[in-house]
Amino acid sequence: MKPLSDRTSHFTESVIRYMTRIAYSCGAVNLSQGFPDFDPPVELQNRMAEVAKSGPHQYALTIGAKNFREAVCNKQEHFSGMRFDPEKECVITCGSTEAMMITMMSVCNPGDKVVIFSPFYENYTADTILSGATPIYVPLNPDDFTFDANVLEDAMKQPGVKALVLCNPSNPSGKVFTRAELQIIADLAIKYDLYVITDEVYEHIIFAPHVHTHMATLPGMRERTIECSSLSKTYSITGWRLGYILAPEPIMERIKKVHDFTVVGASSPLQEVGVTAMNFDDEYYTELQAHYTHMKELFTDGLRNLGFKFTEPQGTYFVMVDISEFGYDRKLASLVASGSAAGLGIGMTGSGSVRPDELFCMDLAKKVGVAAVPGSSFFREPVNHLVRFHFAKKDETLIGALNRLESVRKLLK
């Protein structure tokens, strides 16, 4: 048989989804894959029941149902002040995953380069490679997740760089980029004539005093920013796979065509329900922020009381925890030296052998009963001492996880 695709030959499976399967297999509390264990707003449930009977049940327009596109653009204008034309500057996608993929395919030629901040959501590298481009990584300091502007410029000015990917608020770090940081990125994007592809799915999950700023609102950025987002996080409907892209007409014309030949269109009945979500008033978002602030404080206070070191999340529903104290680098080295390392794991991050944080996460799930994601799956740099938990869970779920974590030092040290 002829060989399969070269560009996908080095792909590994999603570490996040892998850890979810581990959690299910051993009965661990799943704080790995980021989805809520509570219901979406009742208004959406009720509207879904109505649509199930009345429809629509056939294709919407490929670019998205007209009333949903209008609602998306109205919401965007309300929160950012930017007006997008729902006919020319908006397309509805199957979640932000498709939105990011087709945007990358629309922007990049084979041989182009794309700048990505590290740590990063694992799909960004795959999106870049599938588009025929090459990723270039700019590190965010693992302590406070700030970046060096000189290092960023060195990356952005390389020959062949076409775009930069910006996740804000950022998964997995929980970082919210300040306006000053965004201005640095914007100035460099204009200087080197780059597109900025933004992933803003966590825009409404922000913890005071931090605020979310849309990159496209900065001077000179409206024409070069492509904003990808979804309803998944804001409305607790990760399984609905409803997303959207907002971009200037010349860019959107190309994106629409790629979308059409990729998935044809997003779910028609769910778009109809999505209109209800887009029309929620400001009180919904105020309550959402309060709800997530409560979950964040419950979980991080619990981690603090248990003596864990972590970076305080500024947004999203993730927290990066330092596991250095558990000595898994030494444990793994000892196992390798003794010849006992075979079969410990699958080398989830593609290194060919298990890493310290991977081994920790496997033990954490199987021995303590809590599932997390090894931080090395998000970093291009050799960072093996962090793991990511998510806290989009009911109080009883988070308390149950914290109760299990009380024994972590006894079981894993």
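Going by the structure above, here's the rest.
Computed from a predicted structure; not experimentally measured. (Residues numbered from 1 in each chain as written. Predicted model: local features only at pLDDT ≥ 70, side-chain atom pairs only at ≥ 80, totals over all residues. Heavy atoms only, no water.)

Caption draft 1: A look at the packing of aromatic side chains. For the structure on display, the rule yields 21 aromatic pairs. Between the aromatic rings of phenylalanine 79 and tyrosine 285, the centroid separation amounts to 4.8 Å while the plane-to-plane angle is 75 degrees, which identifies the pairing as edge-to-face. Residue phenylalanine 79 is found in helix H3 (residues 66–80), and its partner tyrosine 285 is found in helix H10 (residues 282–305); the two are separated by 206 residues along the sequence. The partly exposed category is assigned to phenylalanine 79, whose relative accessible area is 33%. Ring centres 5.5 Å apart and planes at 85 degrees place the aromatic pair tyrosine 202 and tyrosine 317 in the edge-to-face group. One end of the pair, tyrosine 202, is in the loop between strand S6 (195–199) and strand S7 (225–230); the other, tyrosine 317, is in the loop between strand S9 (309–311) and strand S10 (318–322), and 115 residues separate them in sequence. (Phe/Tyr/Trp six-rings, centres within 6.5 Å; stacked < 30°, edge-to-face > 60°. Helix = DSSP H or I, 4+ residues; strand = E, 2+ residues; numbered from the N terminus. Buried < 20%, exposed > 50% of the residue type's maximum accessible area, 1.4 Å probe, protein only.)

Caption draft 2: The arrangement of the sheet that holds S9 in detail. Taken in spatial order, the 4 strands make up an open sheet running S9-S10-S13-S12, and their pairing is antiparallel. The open sheet has two free edges, formed respectively by S9 and strand S12 (373–374), since each of these has just one partner strand. The strands touched by H10 are S9, S10 and strand S13 (386–390); relative to S10, the strand with the most contacts, the crossing angle is about 10 degrees. Taken strand by strand, helix H12 (residues 356–368) contacts S12 and S13, and its axis lies near 40 degrees from that of S13. (Pairing = 2+ DSSP bridges. Contact = heavy atoms within 4.5 Å. Axes fitted to C-alpha atoms, helices over the stretch in contact; angles between N-to-C directions.)

Caption draft 3: Summary view of the nonpolar core. Core analysis: the biggest nonpolar cluster contains 137 residues, and Phe117, Leu152, Ile185, Tyr235, Leu364 and Phe389 have the highest contact counts within it. When residues no more than four places from it in sequence are discounted, the contact partners of leucine 364 are Gly369, Val370, Ala372, Phe389, Leu405, Val408 and Leu412. (Core = buried A, V, L, I, M, F, W, Y, C linked by side-chain atoms within 4.5 Å.)

Caption draft 4: How the structure looks around the pattern of salt bridges. Enumeration over the complete set of coordinates arrives at 19 salt bridges. The residue glutamate 87 makes a salt bridge to arginine 69 at a minimum N-O spacing of 3.4 Å. Of this pair, glutamate 87 sits in the loop between H3 and strand S2 (90–93) while arginine 69 sits in helix H3, and the two are 18 residues apart along the sequence. A relative accessible area of 34% places glutamate 87 in the partly exposed class. Note on arginine 69: relative accessible area 0%, which makes it buried. (Salt bridge = Lys/Arg side-chain N within 4 Å of Asp/Glu carboxyl O.)

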